[in-house]
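Inside the fold
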Amino acid sequence: MASKNGPVLPQPGKENILITSALPYVNNVPHLGNIIGSVLSADVFARFCRARGLPTLYICGSDEYGTATETKALSEGVDPATLCAKYHALHKDVYDWFRISFDKFGRTPTDEHTGITQEIFAQLWKNGFIEERETTQAFCAVPEHNTFLADRYVEGECSICHDLGARGDQCDACGNLLDPMQPDKNAAGEDESKGTGWLINPRCKLDGSTPERRKTKHLYIRLDELNQEITAWLDRVENGWSANCVAITRSWINNGLKPRGITRDLKWGVPIPKGLEGLSDEEYANKVFYVWFDACIGYASITKCYTDEGNLEGRNWEKWWKNPDNVTLYQFMGKDNVPFHTIIFPGTQLGTKEKWTQVNHLSTTEYLNYEGGKFSKSKGVGVFGNNARDTGIDPDVWRYYLLSRRPESGDSEFKWEEFIDSNNNDLLKNLGNLCQRVVKFCQAKLDAKVPAYPTTPIASLDEYKEEINKLLKEYNEQVKGTKLRAGLVTVLSISGVGNKLLQDNKLSNQLLTEEPERCNAVINFALNLLHLIAGVLTPYMPGTAQSILRQIGLKAAEGETDIAVVIPDIWNPNVLKAGDPIGTPELLFSQIPAAKLEEWREAYGGEELRKQKAIEAEKAAAKKLQREKEKEKKKAKKEKERLAKEQAAKEAATGEVKELPLR
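Structural notes, computed from the coordinates. Computed from a predicted model, the values in this text were never measured in an experiment. (Residues numbered from 1 in each chain as written. Predicted model: local features only at pLDDT ≥ 70, side-chain atom pairs only at ≥ 80, totals over all residues. Heavy atoms only, no water.)

The secondary structure content of the protein amounts to 20 helices and 17 strands. Here the protein holds 663 residues, and the buried ones make up 51% of them. With an accessible surface of roughly 31,300 Å², the protein has 49% of that area assigned to carbon and sulfur atoms. Distance between charge centres in the protein, computed from 86 positive and 93 negative side chains, equals 4 Å. (Helix = DSSP H or I, 4+ residues; strand = E, 2+ residues; numbered from the N terminus. Buried < 20%, exposed > 50% of the residue type's maximum accessible area, 1.4 Å probe, protein only. Areas by Shrake-Rupley, 256 points an atom, 1.4 Å probe, with all protein chains shown as cover. Lys, Arg positive; Asp, Glu negative; His and termini not counted. Charge placed at Lys NZ, Arg CZ, Asp CG, Glu CD.)

Structure below.
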């Protein structure tokens, strides 16, 4: 969304807002939980900031490097670049349909990304925050392969649950972290492992051969050496973060930060830079940076692709990313991404000893579940981005529902019944009713022009204005504080005041006949209120807001596609002037038939969801039975102890010793 005058850049003396949403990994289609967790939430905030007149840049893009991409490409029979191009386009298409207003939705496999990542690493190496470690790793000696294997390229039997399809990083059957091979013992006789188990009879995923154990070197970032700086930085900024975000971050700090590996034996990734003093080019010739190390750097590199398009030597991106005194950074993500944004990336920035823009406000979400189960693409359970479009329901209705259920303080649930109800009641009967009544009445009874406000003010309307401004103040505070659910509730409250205005004044032909001045005042007030509602609704439902603006007679400026929107501090009902023509009434929303409930439930995982729920119910029943057995066991133990005490007391009293009966 670059302006006609070039890319958006920070402006001196203004509150400059930099917004990122977690880069989605492009090996699948995003589901609704992915969308509300990052890109949609960030979009609401970006649209709000723009409407408040703040210089705003919203950056996102596809995270494309790593083992998961390589393995997905193998399964689809294509190379990683082809796979990523396919899924990048799918993601972009989904986000475009959801009306996500990125300034730039970029990608990580770019020269800009490689350059910035290698620059940052070189500074960390120079400053002593990188160390080399020798480790034992699986090596495939088959001549056609002849390389060290990333963990996911090793498969075998889980040593814990003995599932035969476990991977070298994790067993999906039991959920435990694994090592690809049984770990060595260190000098103290302890396992040098990252997981709780390992693979029995490991084999190479590519050719089925048994891998060898060989020594190799990898690079680690010294988070332990950066611990003090990271902690001091956290103390300064964490007040602007979600509670769950603070809890996750502090647990990492409390457990002690340790060196973390940042290289992998892959081809698809950012290569290790050559020519650094003390670092062997040959040793790392076939290694790349681990995706979690370079992914967050993608925010800066994608910004560079936007601000310095085509100019690898350009440094406009630094006006956003190395300007902490003039730029405020907001980041949006699901809770599973928190440590990368609050420990690892900030630690990386601090380790360069350069003046970086670091996150000031971090808004994280919990999980969005689906109809009592979980989203699963492989099993066809849940609504994914492309499915939402297939329903034929406008994107704004989807935006409204997801934002009204945004999992801000705990997990939330997608339910078809609630989705239909939110459209038919929250939207149609409140917002839709207000707009239709006001615009239709003005068109039919007042020559489709804004009526004149009476020269003598009508005192009762001041009460509505006062209430609306009170709600507007709350709204601005809520959205600026990333309390997005609360902000949406306030939008409907403002609309509710408009409906009350019509009801209290009994808007009708009779009012027009008997009290024409009051009728004109009510319509004038209501039309101006619709203008305000379109403004505060824009962050949440931009298409609906544009429809309202068209209906009250506004048009886009020459060369623009959208009508300009401003969210004020204080509202006055004077934007639309007497005699201004209004537009043509449009239906904001349509009734969703009740029959759609079962149709959509069945279409998006009905049978599989029932199986999933049955399995979960069996697990819950088994756990309950186990708890009951444990309870009975404890009860029996207490009873035995009680009898033993009684027996001991009798023996002490009588001097006799008797054996207790076996139980």
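The next point concerns the side chain of Ser 41. Relative to the assigned elements, Ser 41 resides in helix H1 (residues 32-51). Excluding residues that lie within four positions of it along the chain, Ser 41 makes contacts with Ile 35, Ile 36, Phe 332, Arg 406 and Leu 484. (Contact = heavy atoms within 4.5 Å.)

Before going further, it helps to spend a moment on a positive patch on the surface. Together, Lys 374, Lys 379, Lys 619, Lys 623, Lys 624 and Arg 627 make up a region of like positive charge exposed at the surface. Of the residues examined, Lys 623 reaches a relative accessible area of 56% and is grouped as exposed. (Patch = residues over 30% accessible without salt bridge, like charges linked within 9 Å, V, L, I, M, F, W, Y side chains within 5 Å. Salt bridge = Lys/Arg side-chain N within 4 Å of Asp/Glu carboxyl O.)

A separate point is the state of the cysteines. Summed over all chains, the structure comprises 0 disulfides. Of all cysteine sulfurs in the structure, the one in Cys 171 sits closest to Cys 161, which takes part in no disulfide; the separation is 3.6 Å. Here Cys 245 is not disulfide-linked; the sulfur of Cys 296 is the nearest cysteine sulfur, at 12 Å. Overall, the relative accessible area of 0% leaves Cys 245 in the buried class. (Disulfide = S-S within 2.5 Å.)

This paragraph deals with the nonpolar core. The biggest cluster of nonpolar side chains holds 168 residues, and the ones touching the most others in it are Trp 398 and Phe 419. For this core, the element with the most residues is helix H17 (residues 516-537), which contributes 14 residues. Not counting the four nearest positions on each side in its chain, Trp 398 is found in contact with Leu 32, Trp 97, Phe 98, Val 383, Ala 388, Thr 391, Ile 393, Phe 414, Trp 416 and Phe 419. Formed by 15 residues, the second largest nonpolar core is a distinct cluster that contains Ala 150, Tyr 153, Val 154 and Leu 178. (Core = buried A, V, L, I, M, F, W, Y, C linked by side-chain atoms within 4.5 Å.)

So, about the environment of Cys 519. When you line up the elements, Cys 519 lands in helix H17. On a C-alpha basis, the gap between Cys 519 and Pro 573 in space is 15 Å, while along the polypeptide they are 54 residues apart. When near neighbours in sequence (up to four residues on either side) are disregarded, Cys 519 contacts Phe 441, Leu 507, Leu 511 and Leu 512.

Spatially, the 4 strands line up as an open sheet ordered S7-S6-S9-S8, and their pairing is mixed. If you trace the sheet from one side to the other, it starts and ends with strand S7 (166-167) and strand S8 (178-179), each paired once. (Pairing = 2+ DSSP bridges.)

End to end, helix H4 (residues 111-126) covers 22 Å across 16 residues, agreeing with the expected 22 Å (1.5 Å per residue, within 8%). Listed as buried for H4 are Glu 112, His 113, Thr 114, Ile 116, Thr 117, Ile 120, Phe 121, Leu 124 and Trp 125. In the stretch just after H4, Gly 128 is the one whose phi turns positive, near 85°. (Expected span 1.5 Å × (residues − 1).)

This next bit is on the packing of aromatic side chains. Tallied over the full model, the rule gives 33 aromatic pairs. For the pair Phe 45 and Phe 332, a centre-to-centre distance of 5.8 Å together with 45° between the ring planes defines the contact as tilted. Highlighted residues: Phe 45 in helix H1 and Phe 332 in strand S14 (residues 327-334), separated in sequence by 287 residues. A relative accessible area of 0% means that Phe 45 is categorised as buried. By relative accessible area, which is 1% here, Phe 332 ends up buried. Here Trp 398 and Phe 419 contribute two aromatic rings whose centre-to-centre distance is 4.3 Å and whose plane-to-plane angle is 35°, an arrangement assigned as tilted. Within this pair, whereas Trp 398 is found in helix H12 (residues 395-404), its partner Phe 419 is found in helix H13 (residues 416-445), the two being separated by 21 residues in sequence. (Phe/Tyr/Trp six-rings, centres within 6.5 Å; stacked < 30°, edge-to-face > 60°.)

Packed helices, taken two at a time, are described by the angle their axes make and the gap between the axes. Their axes nearest at 9 Å, the elements helix H5 (residues 223-237) and helix H10 (residues 338-351) cross at an angle of 100°. Between H5 and H10, the crossing angle belongs to the class labelled roughly perpendicular. On H10, the residues touching Leu 223, Leu 226, Glu 229, Ile 230, Trp 233 and Leu 234 of H5 are Thr 342, Ile 343, Ile 344, Pro 346, Gly 347, Leu 350 and Gly 351. Looking at the contact of H5 with H10 residue by residue, the classes come out as 9 nonpolar, 3 polar and 1 charged. (Axes fitted to C-alpha atoms, helices over the stretch in contact; angles between N-to-C directions. Parallel < 35°, antiparallel > 145°, perpendicular 65-115°, else oblique. Nonpolar A, V, L, I, M, F, W, Y, C, P; charged D, E, K, R; others polar.)

A separate point is unusual backbone geometry. Note on backbone geometry: most residues besides glycine have negative phi, and most peptide bonds are trans. One non-glycine residue with positive phi stands out, namely Asp 447, at about 60°. Tracing the chain through its elements places Asp 447 in the loop between H13 and helix H14 (459-480). You will see that Lys 506, though not glycine, has its phi angle at about 50°, which is positive. Among the structural elements, Lys 506 can be located in the loop between helix H15 (484-504) and helix H16 (509-514).

In this section: the sheet that holds strand S11 (residues 260-261). Spatially, S5-S4-S10-S11 is the arrangement adopted by the 4 strands of the open sheet, whose pairing is antiparallel. Two strands in the sheet have a free side with no partner beyond their single neighbour: strand S5 (147-148) and S11. Relative to S5, strand S4 (residues 130-140) runs antiparallel, the two being bridged by 2 bridges. Directly across from Phe 139, in S5, lies its bridge partner Phe 148. The strands that H4 touches are S4 and strand S10 (212-221); relative to S4, the one it contacts most, it runs at about 115°.

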